[in-house]
Amino acid sequence: MQRFINNPDDLVDETVAGFVKVHRDLVHLDAGNPRVVVSNAAPQQGRVGIVTGGGSGHEPAFIGYAGRNMVDAVAVGELFSSPTAKSFADAIRAADGGAGVAVLYGNYAGDNMNVKMAARMVAREGIEVATVVANDDVCSAPPGERAKRRGVAGEIFMWKIGGAKAAQGASLAEVQAAAQKAIDACRSVGVGLGPCTLPGVGHPNFQIEPGTMEVGIGHHGEPGTRVEALKTANEVADDMLKIVMEDHALPAGTELAVLVSGLGATPVNELYVLYDRIEAGLTAMGMGIHRALVGNYFTSLEMVGATLTVMALDAELKALLDLETASPAL
Amino acid sequence: MSPLDANQIVALFRVIARRLAEARSELGVLDGAIGDADHGNSMADGFAAVVRASAEAAAAGCAAGDLFAVAGRAFLNAVGATTGPLYASALLRAGQQFAGRAEIAAEDVPALVSAFAAGIRDRGKAQPGDKTMMDVWAPAARAAELPGDPLARLDRALRVAEEGRDATRAMVASVGRAARLGERSLGHIDPGAASAVIVIAALRDALARYLSEARP
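Residues numbered from 1 in each chain as written. Chains lettered and ligands numbered in written order. Predicted model: local features only at pLDDT ≥ 70, side-chain atom pairs only at ≥ 80, totals over all residues. Heavy atoms only, no water.

Chain B is annotated in an unreviewed UniProt entry as Dihydroxyacetone kinase DhaL subunit from Gemmobacter caeni.

If you look chain A up in an unreviewed UniProt entry, it shows as Dihydroxyacetone kinase DhaK subunit from Gemmobacter caeni.

Chemist: Explain the pattern of salt bridges to me, using residue names and the numbers behind them.
Modeler: All names here are of chain A. With the rule as written, the count across this model stands at 29 salt bridges over all chains. Between aspartate 90 and lysine 86 there is a salt bridge, and its shortest N-O distance comes to 3.1 Å. With aspartate 90 and lysine 86 both in helix H2 (residues 85–95) and 4 residues apart, the pair spans about one turn of that helix. For aspartate 90, a relative accessible area of 11% puts it in the buried group. Notably, a salt bridge pairs aspartate 90 with arginine 93, separated by 2.6 Å at the nearest N-O pair. With a gap of 3 residues between them, aspartate 90 and arginine 93 both fall in helix H2, about one helical turn apart. (Salt bridge = Lys/Arg side-chain N within 4 Å of Asp/Glu carboxyl O. Helix = DSSP H or I, 4+ residues; strand = E, 2+ residues; numbered from the N terminus. Buried < 20%, exposed > 50% of the residue type's maximum accessible area, 1.4 Å probe, protein only.)

Chemist: Give me a positive patch on the surface: which residues, what numbers.
Modeler: Judged by side-chain charge, Lys116, Arg120 and Arg124 of chain A together with Lys125 of chain B come together as a positively charged surface patch. Along the chain, lysine 125 of chain B falls in the loop between helix H6 (109–124) and helix H7 (134–145). (Patch = residues over 30% accessible without salt bridge, like charges linked within 9 Å, V, L, I, M, F, W, Y side chains within 5 Å. Areas by Shrake-Rupley, 256 points an atom, 1.4 Å probe, with all protein chains shown as cover. Lys, Arg positive; Asp, Glu negative; His and termini not counted. Charge placed at Lys NZ, Arg CZ, Asp CG, Glu CD.)

Chemist: An account of unusual backbone geometry is requested, with residue identities and associated values reported.
Modeler: Between alanine 42 of chain A and proline 43 of chain A the backbone carries a cis peptide bond, its omega angle lying at -10 degrees. Relative to the assigned elements, proline 43 of chain A resides in the loop between strand S2 (36–39) and strand S3 (49–56). In this structure, phenylalanine 62 of chain A follows alanine 61 of chain A across a cis peptide bond, with omega equal to -5 degrees. Within the secondary structure, phenylalanine 62 of chain A is located in the loop between S3 and strand S4 (73–79). Positive phi values are uncommon outside glycine, yet leucine 301 of chain A reaches one of about 50 degrees. In this fold, leucine 301 of chain A is placed in the loop between strand S11 (288–295) and strand S12 (304–313). With phi around 60 degrees, lysine 125 of chain B is a residue other than glycine that occupies positive phi space. With relative accessibility at 61%, the residue lysine 125 of chain B sits in the exposed group.

Chemist: Give me the lowdown on the domain arrangement of chain A, citing residues and values where you can.
Modeler: Where the parts come together, the accessible area they lose is often given as the size of the interface. Residues and elements named next belong to chain A. Parsing chain A into structural domains produces domain 1 (10–184) and domain 2 (186–313). Placing a centre on the C-alpha atoms of domain 1 and another on those of domain 2 gives a separation of 23 Å. Contacts between the two partners involve 30 residues from domain 1 and, on the opposite side, 29 residues from domain 2. Between domain 1 and domain 2, roughly 2500 Å² of surface is buried when both sides are summed, and carbon and sulfur atoms account for 67% of that area. When residues of domain 1 are sorted by the area they lose upon contact with domain 2, Phe80, Cys139 and Phe157 head the list and together hold 28% of the total. Measuring nitrogen to oxygen at the nearest pair gives 2.8 Å for the salt bridge that ties aspartate 247 to arginine 149. At the boundary of domain 1 and domain 2, one finds 13 residue pairs in polar contact (both at pLDDT 80 or more). Looking at the side of domain 1 that touches domain 2, the elements with two or more residues in it are helix H4 (154–167) and helix H5 (172–184). At 6 residues, the largest contribution of residues to the side of domain 1 that touches domain 2 is made by H4. (Domains from an automatic or database assignment. Contact = heavy atoms within 4.5 Å. Buried area = accessible area lost by both parts, 1.4 Å probe. Polar contact = N/O pair within 3.5 Å; in protein donor to acceptor, adjacent residues only side chain to side chain.)

Chemist: Lay out the sheet that holds strand S9 (residues 226–229) of chain A in plain terms, naming residues and giving numbers.
Modeler: Sheets are built from strands that pair by backbone hydrogen bonding, the pairs being arranged parallel or antiparallel. All names here are of chain A. Pairing within the open sheet is mixed, and its 6 strands lie in the order S9-S8-S7-S12-S10-S11. Strand pairing shows two members of the sheet lacking a second neighbour, S9 and S11, which therefore form its edges. The mean angle between the axes of side-by-side strands here comes to 20 degrees, regardless of whether they run parallel or antiparallel. Pairing between strand S10 (residues 255–262) and S12: 8 bridges, direction antiparallel. Bridge pairing in S12 places serine 261 opposite threonine 307. Across the sheet, helix H6 (residues 233–248) lies against strand S7 (186–194), strand S8 (212–215), S9 and S12, angled at about 150 degrees from S7, the strand it touches most. (Pairing = 2+ DSSP bridges. Axes fitted to C-alpha atoms, helices over the stretch in contact; angles between N-to-C directions.)

Put into structure tokens, the structure is as follows:
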């Protein structure tokens, strides 16, 4: 693929630089760390701060979710690579309004270690940290080993719920519980039709043969758990829905939030084709759609493919999801 | 054998950094097969930061044994991923062991392998057989601890390190990102195991060069 690029080594810094210019009404760079994007609303004295972070290449995630009633500060990593412990620590400091900070992030070994080291760094400064680790990706581990699953686009709902709960003045424990409830209510699956290339590496980090698709693909180009012949959009939508809903086991009548995100290179119109079928399938199961999001919400460089996330809602989650917010991506 | 002073510890870091810089794209290819292709960059950038920080500290009069803590902090600030915390923990563990020492005896250089292994083990909690860098560090540490002259100990450590690396090809990953691939991680060398061998080989070669130059 041809790219708009200067030097691959500068890509992340230039991305963040452009991003904070575009969205200067909502976010700014941390004064001391150019790898931390801070909401203009943060920190809010007496309120729990919300922090996330992750590798670059997923735009608009993670930086796009910094904003009012959402995430207060985002640690920015290299492409597909966990931010440093220092960046997580600086993000926690930027988000701290004196009531503790909830770090809501995805279940990856690097993020786990760096958040843990960051929490220890800021503990010395008296900042209390609680964490919630997203694990919504169904295909990354069997149901009995849910703690091993990756966090993917369900993280967006976790941030939304956590940010809304904090905005209501909840305690750190209450924010943590709400964010945990949100991610526990999410199931996601990804299907990849084409791989992606890290510009600094220069070749795709895996192959998808023409005419095939990878079911269960990860957000970093981790190959899927099975390879199948490419099917029609309706058949793929049915497969994705089946994987998510079999794992979910929800009673009929459950109200849902549904997110279909492109992985980077899939045209947005195809996402609507998938959604059309997905909503039909959910309706046939007797589910109610409270809210649907379709677009490039959480990408993977120029990977071709899509993810489906289904979140089951109760009255509390519905109210928190509907709370007004202003961030570049949502 | 005269001991290594601060500048010679920096020189040792330089050898590791140079070898990792040379292996940057090769490690990226290994990591691309079962991970996210970032490992070459992480290791090369991390040890480049170690060289910068330790050279600066040594020039400012930092003791040889205190350079490891400087190096660990530099690595942690420079590198995210899993590699940042793991190698930072390795260097910090060596820092605990050698803190305050103006010089490090050549006989103590193999103990770096054990210290690195202990730091990585405690941070990452991986076991040998999990298809990670511990498949190299654990056997290398045991080999380095056996009696003998320091170069022979590192030679042995390097030999078992290479065996450990090659053995990861036949393993199914059970921790870390590659764990999500299950059986599909079979047949690929673990990139963390490959870079661990590079670090151990660099330590061995740096000590060999130091000993040959130090000999009258």
